[in-house]
Amino acid sequence: MAMPKTPTPRRRRRTALDKPRCHCAVFGVYGHPAAAQLTYYGLLAQQHRGQEGSGIVTADTDRATGKHRFHVHKDFGLVNDVYRDDRLLTDVLTGSMAIGHNRYSTAGAADNKTNVQPFTVLYKAGNIGIAHNGNLTNFRKIRKRLQDEGTIFQTTSDTEVILHLIARSKQDRQIDQIRDALSQVQGAFSIVILTDTALIAARDHAGFRPLALGKKGNAFIVASETVAFDIMDAEYVRDVAPGEMVVIDRHAEDTGEAISLRINDQPARPHHCIFEYIYFSRPDSQIFGHSVDKVRRKLGKNLARSQPVTPKDPDDRVIVINVPDSSNTATMGYVQAANKLGAKAKLEIGLIRSHYIGRTFIQPKQDVRENKVKTKFNTVKGVLKDKVVVIVDDSIVRGTTSKQLVQLVRQAGPKEVHFRVTAPPIMYPCHYGMDFPTPKELIANRCGGDVGKIGEELGVDSLGYLSIEDLLDSAPHERGENYCTACFSGKYPIPVDSNQSKDENEG
Ligand code: SF4
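Below you will find a few notes about this structure. Throughout this description, residue numbers start from 1 for each chain and increase along the sequence as written. Owing to the predicted nature of the model, reporting of local features is limited to residues with pLDDT of at least 70; listing and counting of side-chain atom pairs is limited to 80 or more, with chain, interface and lining totals taken over all residues. Computation of side-chain values covers all heavy atoms of the structure but excludes hydrogens and water.

Moving on, we get to the pattern of salt bridges. One speaks of a salt bridge when a side-chain nitrogen belonging to Lys or Arg is within 4 Å of a carboxyl oxygen belonging to Asp or Glu. Considering all chains together, one arrives at 23 salt bridges under this definition. Across the pair arginine 84 and aspartate 81 runs a salt bridge whose closest N-O atoms are separated by 3.6 Å. Three or more residues joined by partner-sharing salt bridges are found here, namely Arg49, Arg209, Glu225 and Glu276.

Right, dumping it as structure tokens:
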């Protein structure tokens, strides 16, 4: 069916202030007549994981000819922009199976629409589509080998190598071709794959990125975060395990049970991204089998215990403010623990965030607006004036936003301004699916990890970070969970190609 043309949403860089950026969200449905609509809602609920582009691929079978068909729609923009015309979801993206993807990309590859996922190809075994969250750490080596052998790449994305490896596999069965391909890639991947007859969800052996399995009636759902299940009243069943490949096909439809395979014989070596708990995931999600809200509160509590604030005048009451929205939950934990320890701390809403700048934000010129933070936040002056103020934030990346926030708070006339962070200093880049600036741009790296020096740059009376030990203590371990902390410690659990270019990684 020919669709009326809707204007292509202007591709824009995300305007989030100085935070690490999560690369992507994935979603998949098997066995629901409104698969595209469910995917739309699943992507909408996961908009925070990628805001530059979105795509949905559905699969159906032509009743007259029995031929399998894929339907694809993808574009730059927010989910609501990309699927603005409802008929896309009802009349174009037909079929009972679908996968979807929200994308955030790194610089250099963002202008190329072919980089918007899911990617699809038609090869000897039929149609296949893929959506990926994470970064492959050896994709450059694989891509070079494939190019030397004559493979032509259409995108600059690491994800495309998986499709080529599947298409070139010597295995007979499609499922074995996929296992063969996934056995060759290293790094972080939480992926959904759509074939003519099946939905497949797979996760790398370290399980860096979350991937959850759910059900809505008899339909199977897969999503990066469980918030995607809540929006459609689907039930969370379990996580896709590190190194597992879940196959959902006719057999799963008949028995109600998906088939669980191992990608290969390698044992799982869990290293979940601990930053998912600190900042990336929504607090109303369950990731790695646990409530983000609960972990975030504990981060705040541990921070209050290890980094208390002592006002210069002991009679002064401490006002604790969150940086909305990402530090809301942790700030509540901080205040609760601080008061238990005898501090006279009061939780206040001292910073108000504008929720409307995202869609229309125009980067102000330096002479128009010195303080970019002012476009997003304002202070409640009466709450801060003459008070000892503690700002609780989840992380400090470049430090530019934190510095401007401190300036903004100071303009409200507090007695003292203290800054507390529910993460350790970020010293190193991430190679497993998060986009951090270069080490030199990281304030902690630039200051050699010297907290006093960082505090001076920010202009605060005191600065306190959570230690790596307290960070790990805040995360659940009861089922033997293990976490990646490489951006804080520099200890990378999976080796990275020495020539790996960040700009070519996009998953
Ligand atoms: S390096 Fe940091 S952001 Fe990247 S996976 Fe590890 S903990 Fe997460």
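Now for the site of the ligand. Here a residue is considered near a molecule or strand provided that any single heavy atom belonging to it is located within 4 Å of it. Taken together, Arg209, Cys273, Ile274, Phe275, Cys430, Tyr432, Met434, Phe436, Cys484, Ala486 and Cys487 form the complete shell of residues around the ligand. Gly is placed with the polar residues, together with every amino acid not listed as nonpolar (Ala, Val, Leu, Ile, Met, Phe, Trp, Tyr, Cys and Pro) or charged (Asp, Glu, Lys and Arg). Taken together, the residues of the shell around the ligand break down into 10 nonpolar, no polar and one charged.

The subject of this paragraph is the packing of helix H5 (residues 160–168) against helix H6 (residues 174–184). It is the contact of H5 with H6, at a shortest axis distance of 8 Å, that shows an interaxial angle of 135°. Between H5 and H6, the angle falls in the class oblique. The element H5 and its partner H6 pack so that their crossing is right-handed. Contacts from Ile162, Leu165 and Ile166 in H5 reach Gln177, Ile178, Ala181, Leu182 and Gln184 in H6. Its residues assigned to classes, the contact of H5 with H6 shows six nonpolar, two polar and no charged. To obtain an axis, a line is fitted to C-alpha atoms, over the contacting stretch when the element is a helix, and the angle between two such axes runs from 0 to 180 degrees between their N-to-C directions. A run of H or I in DSSP becomes a helix once it reaches four residues, and a run of E becomes a strand once it reaches two; helices and strands are each numbered from the N terminus. When describing relative orientation, an angle under 35 degrees is termed roughly parallel and one over 145 degrees roughly antiparallel, while 65 to 115 degrees is termed roughly perpendicular and anything else oblique. For a crossing to be left-handed, the near helix must be turned anticlockwise from the far one by less than a right angle; the clockwise case is right-handed. Only heavy atoms enter the contact rule, under which two residues are in contact if any of them lie within 4.5 Å.

Strand pairing is assigned whenever DSSP identifies at least 2 bridges connecting the two strands. Pairing in this open sheet of six strands is antiparallel, and the strands run E6-E7-E8-E9-E13-E14 from one edge to the other. Since the sheet does not close on itself, it has two edges, and those belong to strand E6 (119–123) and strand E14 (259–262), each with one partner. Going from strand to strand, the sheet's axes swing by 20° on average, the running direction of each strand aside. Where strand E13 (residues 244–248) lies against E14, four bridges are found, and the strand directions are antiparallel.

Attention now moves to the nonpolar core. Buried Ala, Val, Leu, Ile, Met, Phe, Trp, Tyr and Cys residues that are joined via side-chain atoms within 4.5 Å together make up what is termed a nonpolar core. Each residue gets one of three labels from its accessible area relative to the maximum for its type: buried under 20%, exposed over 50%, partly exposed in between, using a 1.4 Å probe on protein chains only. Counting 73 residues, the largest nonpolar core has Phe275, Ile278, Tyr334, Ile391, Leu463 and Phe488 as its most contacted members. In contact with tyrosine 334, not counting residues within four places along its chain, are Gly300, Lys301, Leu303, Ala304, Gln307, Pro308, Val309, Val320, Val390, Val392 and Arg420. By size, the runner-up hydrophobic cluster in this structure holds 28 residues, among which are Tyr123, Ile191, Ile200 and Ile263.

Right, let's talk about the pairing of strand E8 (residues 190–195) for a bit. Burial analysis of E8 places six of its six residues in the buried class, which makes it a mostly covered element. The two faces of E8 match: Ser190, Val192 and Leu194 on one face and Ile191, Ile193 and Thr195 on the other face are all buried. Bridging between strand E7 (residues 126–133) and E8 involves six bridges; their strand directions are antiparallel. Paired with alanine 131 across the bridge in E8 is valine 192. Judged from the five bridges that link them, E8 and strand E9 (residues 199–203) form a sheet pairing that is antiparallel. Bridging from a neighbouring strand, leucine 194 pairs with leucine 199 of E9. Between E8 and E9, which pair antiparallel and follow one another directly, the connecting turn spans three residues.

What follows concerns the packing of helix H10 (residues 292–306) against helix H11 (residues 328–340). Remark: H10 packs on H11, axes separated minimally by 6 Å, with the N-to-C direction vectors making an angle of 45°. Judged by the inter-axis angle, H10 sits oblique to H11. Crossing angle aside, the handedness with which H10 passes H11 is right-handed. Residues Asp293, Arg296, Arg297, Gly300, Lys301, Leu303 and Ala304 of H10 lie in contact with H11, whose contacting residues are Thr329, Ala330, Met332, Gly333, Tyr334, Gln336, Ala337 and Ala338. For the contact of H10 with H11, the per-class residue count stands at seven nonpolar, four polar and four charged.

Let us look at the packing of aromatic side chains. Here is the rule: rings of Phe, Tyr and Trp (six-membered ring for Trp) pair when centre to centre is within 6.5 Å. Planes less than 30 degrees apart are stacked, more than 60 are edge-to-face, and the remainder are tilted. Scanning all chains against the criterion turns up 11 aromatic pairs. When the ring of phenylalanine 229 is compared with that of tyrosine 236, the centres are 6.5 Å apart and the planes differ by 25°; the resulting orientation is stacked. Relative accessible area serves as the criterion here: at 0%, phenylalanine 229 is assigned to the buried category. A centroid spacing of 5.7 Å and a plane angle of 75° characterise the contact between phenylalanine 275 and phenylalanine 436, whose relative ring orientation is edge-to-face. Within this pair, whereas phenylalanine 275 is found in helix H9 (residues 275–280), its partner phenylalanine 436 is found in the loop between strand E24 (434–435) and helix H15 (443–446), the two being separated by 161 residues in sequence. Owing to a relative accessible area of 2%, phenylalanine 436 belongs among the buried residues under this scheme. Ring pairs connect the aromatic residues Phe275, Tyr279, Phe280, Phe436 and Phe488, which therefore count as one cluster.

Attention now moves to the sheet that holds strand E18 (residues 318–322). Strand order across the open sheet formed by five strands is E19-E18-E22-E23-E25, with parallel pairing between neighbours. The two strands at the open ends of the sheet, each matched to only one other strand, are strand E19 (345–348) and strand E25 (462–465). The average undirected angle you get between the axes of adjacent strands in this sheet is 25°. Pairing analysis gives four bridges linking E18 to E19, with the strands arranged parallel. Bridge assignment links isoleucine 321 to a residue of E19, and that residue is glutamate 348. Here helix H14 (residues 400–411) sits on the sheet and contacts E18, strand E22 (388–393) and strand E23 (416–421); the angle it forms with E23, its principal contact strand, is near 150°.

Checked against the element boundaries, glutamine 184 lands in helix H6. For glutamine 184, a relative accessible area of 27% puts it in the partly exposed group. Residue contacts for glutamine 184: discarding those within four places in its chain leaves Asn138, Ile142, Arg145 and Leu165. There is a polar contact of 3.1 Å between the side chain of glutamine 184 and the side chain of arginine 145. Two N or O atoms form a polar contact when they lie within 3.5 Å of each other; inside protein one atom must be a possible hydrogen donor and the other a possible acceptor, and for residues adjacent in sequence the pair counts only when both atoms belong to side chains.

Glancing now at the environment of asparagine 339. Note that asparagine 339 resides in helix H11. Residues asparagine 339 and alanine 304 lie 35 residues apart in sequence; the distance between their C-alpha atoms is 9.1 Å. For asparagine 339, the contacting residues outside a window of four places in its chain are Lys344 and Ala345.

Moving on to the environment of alanine 234. Within the fold, alanine 234 resides in the loop between helix H7 (227–230) and strand E12 (235–239). Taking the C-alpha atoms as reference points, alanine 234 and glycine 214, 20 residues apart in sequence, are found 6.4 Å from one another. In this structure, alanine 234 is in contact with Lys215, Lys216, Ile221 and Phe229, ignoring residues within four places of it in sequence.

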